[in-house]
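Analysis of the macromolecular model
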Amino acid sequence: MDILDLTAVELGERIRKRELSALEALEAVYGACRARDRNWNAYAAFEIDPARTAAQRAQALLDSGEAVSPLAGVPVGIKDNLNVRNCLTTCASKILRGYRAPFDATAVRKLKDAGAVPAGTLNMDEFAMGSTSETSCYGPVRNPWDRERVPGGSSGGAAAAVAARECVCALGSDTGGSVRQPASYCGVTGFKPSYGRVSRYGLIAYGSSLDQIGPLARDVRDCAALLDIIAGPDPMDATSIPFPDTRFLDALNGDIHGLRVGVPEECFGDGVEQDVQTGVEAFLDELKRVGAELVPLRLPFLRYAVPVYYILATAEASSNLARFDGVKYGFRAERYTTIEDLYTRTRSEGFGKEVQRRILLGTFVLSSGYYDAYYNKALKMKQMIMDGFAEAFRRCDVIALPVSPTTAPALGSSLSDPLKMYLSDIFTVPVNLAGLPGLSVPCGFDRRGLPIGAQLLGASGADATVLNAGYAYQLATDWHKRRPEGLEVSGNV
Ligand code: GLN
C-alpha cells in the first residue's frame, strides 16, 4: 500500500513504531508533489530544506521520547496564508511575492512542538477571497476528480492535495467556508472550529471577526488529531477563547444515540441541485439509522447571511489589507513619483481584480456616508443570526445541511459572475457570522462523479459533539475512503 493512502493517524502510528521515519514520510509527500502536482497545481511552493530540517527535529523528538502526539513525524501541508518561519508566505498574491515569514503562526509553532512537519505551502485564492481557487498568482488549482472543474476555495490547494494523495493532511483557513467548501468539492473532510478555538496569530487576516484556521484531512479522526494540536487560547490573539479543554481525538466514540439533528427546511429545495439534495438526504437517513433523532427546523434568517457576510468580510478586508503598501512587504511598483503614487501603483499592480473589488466594496460600506446604512446594519443582522442559531440549538444538538448548493463548477464559469459565486456561499457563511463549529464530510457523488459534501454544525464550543457525529457517520459509510482515479495523469496544464 502507498503510504500516502494512509490517514495521518495511521501514518503517525507507523512512524512511532519505527516502520518508517519522519524524513521518509516527508520524502514520500515531496516525491508525489514533484511527480504529479503539475496536474493539479495544488502547491504554491514546496521548499524542501526547511521541511527536512523540521522532519529531522521531529525525528529527534520522537527518538528522545518527547514527541508523544499521534501526528509526530507526519507531514502537514500549510495554506499559503499561514506564516511558516523562513518560508515563502504569499497568500497567492503578487503583492507578497518573495515574502519570507520571520516567525511561525501559533498553529504552525504548535505543530512543530508536537513533532508534526510543516511540508509545502498550498495554493489558494488570492488573500483567501474566493470560492474556486482560480484567483491565485500561481494559476488555478484543478479538481483531482475532474481536471476541468475547480477544487473549491479558497483552500482549494489544501483540499486538492489531500484528495490527490499529494499530502496527508493540511491546515487551511475558513472565513466564509474556505475549509468546508473545497473539502466538499474534493471529497475530503474539513473542519472549521468555533471562533476563538484556534489562535489566529500568524494567519494573514482577511476578515478578522470571521477567520478561523481549520484542518483538511482524509477523515474526522485526522481532523480531531490536528485540532488537538492547534487548539487552545493564546496570549498573542486577544480573540482566542479559553474553552474548557477537550481532547478531541479521545472524545470520538461514534455513539450518537439520541443525538438531536436539526434539519433546516430552507436548506433543502429550490436552488439546491437535485443530486446534492439526494446525497444529503441519504446522509440524514444514515445518521438516523445509527441512532440520531431528526428534528425539523426553520432558519428563516439564513437568507440574509450572504449580504451580511459580504459587507462585514469586505469591510474588514479593506482595513486588514491597508498594510500592503509597497513599503513593508513583498512587491513594490518599479516606477513612481511621490509616496502616494508608490502606494497607488503598488496596490493597483500587486492586487488582483477580485481583491481590488473587495477592497473597494469594503471601503464603500465603511465610508462616512454609508456606514450606518450598510456596515452598522450588517452588524445588527449578524447579531440576529447569532440569536437565531442560539434559539435553534435549544431544540437540537447539531444542525445538518449541504455544504454547497452544487458540486464543483467548471473552471472559468464562476468568476465571470461574481454575484452568483457569492450566493453559492449561502450554506457556509452563516456559520462564520455566528462563530460556530462546522464540519464537512463526503456523503456521495453526483451523476458526473463529483463528490457531494454534507455539513454538521454545533453551538459555539460544541466542536467535539460535531466531530463525533461526523465520526459516527464515517464509521458507518465509506465515502471518505474513495479516491479519484488516474491520479498519475500528467496531461498539459
Ligand atoms: N467564498 C468566501 C469568500 O470569498 C469564503 C472565503 C473564505 O472562507 N476565506 O469570501
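Residues numbered from 1 in each chain as written. Predicted model: local features only at pLDDT ≥ 70, side-chain atom pairs only at ≥ 80, totals over all residues. Heavy atoms only, no water.

Remarks on the overall build of the protein chain
Of the regular secondary structure elements, the protein chain holds 16 helices and eleven strands. On C-alpha atoms alone, the protein chain measures out to a radius of gyration of 21 Å, which is about the 23 Å that the 2.2 N^0.38 rule sets for 493 residues. Projected onto its principal axes, the C-alpha coordinates of the protein chain cover approximately 65 × 55 × 45 Å. Counting the 493 residues in the protein chain, one finds 63% classified as buried. When contacts within the protein chain are restricted to residue pairs at least 6 apart in sequence, long-range pairs at least 24 apart make up 77% of them. Of the roughly 18400 Å² of accessible surface on the protein chain, a fraction of 51% belongs to carbon and sulfur atoms. A distance of 3 Å separates the average location of the 53 positive side-chain charges in the protein chain from that of its 58 negative side-chain charges. (Helix = DSSP H or I, 4+ residues; strand = E, 2+ residues; numbered from the N terminus. Rg over C-alpha atoms; globule rule 2.2 N^0.38 Å. Buried < 20%, exposed > 50% of the residue type's maximum accessible area, 1.4 Å probe, protein only. Contact = heavy atoms within 4.5 Å. Areas by Shrake-Rupley, 256 points an atom, 1.4 Å probe, with all protein chains shown as cover. Lys, Arg positive; Asp, Glu negative; His and termini not counted. Charge placed at Lys NZ, Arg CZ, Asp CG, Glu CD.)

With respect to the site of the ligand
Close to the ligand lie 15 residues; T175, G176, S178, Y206 and Y309 are nearest. Y206 places a polar side-chain atom, nitrogen or oxygen, 2.6 Å from an oxygen atom of the ligand. At 2.9 Å, a side-chain N or O of D425 approaches a nitrogen atom of the ligand. Contact with the protein chains covers 99% of the free accessible surface of the ligand, which is 290 Å². Using a 2 Å cut-off from the grid points, one finds that the ligand occupies the largest cavity. Taken together, the residues that form the shell around the ligand break down as five nonpolar, seven polar and three charged. (Near = heavy atom within 4 Å. Polar contact = N/O pair within 3.5 Å; in protein donor to acceptor, adjacent residues only side chain to side chain. 1 Å grid on protein atoms, 1.4 Å probe; cavity = no way out; pocket = protein on both sides within 12 Å on 5 of 7 lines; lining within 4 Å. Sits in = over half its atoms within 2 Å of the grid points. Nonpolar A, V, L, I, M, F, W, Y, C, P; charged D, E, K, R; others polar.)

Brief notes about the sheet that holds strand β5 (residues 189-192)
Spatial ordering of the open sheet is given by β1-β3-β2-β4-β6-β5-β10-β11-β9-β7-β8, a layout of eleven strands whose pairing is mixed. Of all the strands in the sheet, just β1 (43-45) and β8 (293-297) have a single pairing partner and so form its edges. Each neighbouring strand pair of the sheet contributes to a mean axis angle of 35°, computed without reference to strand direction. Inspection of the sheet shows β5 paired to strand β10 (residues 438-445) by three bridges, in the antiparallel sense. Paired with K192 across the bridge in β10 is G438. (Pairing = 2+ DSSP bridges. Axes fitted to C-alpha atoms, helices over the stretch in contact; angles between N-to-C directions.)

A few points about the packing of helix α7 (residues 220-230) against helix α16 (residues 463-476)
Helices that pack against each other are described as a pair by the angle of their axes relative to one another and the distance between those axes. Two elements in contact, α7 and α16, have axes separated by 9 Å at closest approach and are oriented at 150°. Judged by the angle between their axes, α7 and α16 are roughly antiparallel. Packed against α7, whose contacting residues are V220, R221, A224 and L227, the element α16 presents L467, G470, Y471 and Q474 at the interface. Within the contact of α7 with α16, the residues separate by chemical class into five nonpolar, two polar and one charged. (Parallel < 35°, antiparallel > 145°, perpendicular 65-115°, else oblique.)

Points about the nonpolar core
Core analysis: the biggest nonpolar cluster contains 158 residues, and F46, F127, L171, F283, F389 and I399 have the highest contact counts within it. If you tally residues by element for this core, the top one is helix α10 (residues 305-320), at ten residues. Setting aside chain neighbours within four positions, we find F389 in contact with L299, F301, L302, I399, P430, A434, L436 and L457. (Core = buried A, V, L, I, M, F, W, Y, C linked by side-chain atoms within 4.5 Å.)

Description of the state of the cysteines
What we call a disulfide is simply a covalent bond connecting the sulfur atoms of a pair of cysteines. Counted by the stated rule, this structure contains zero disulfides. In this structure C91 is not part of a disulfide, and its nearest cysteine sulfur, from C137, lies 9.8 Å away. In this model C267 remains outside any disulfide bridge; the closest cysteine sulfur is found in C396, 12 Å from its own. For C267, a relative accessible area of 0% puts it in the buried group. (Disulfide = S-S within 2.5 Å.)

So, to be careful, I would describe these as geometric facts and stop short of saying anything about function.
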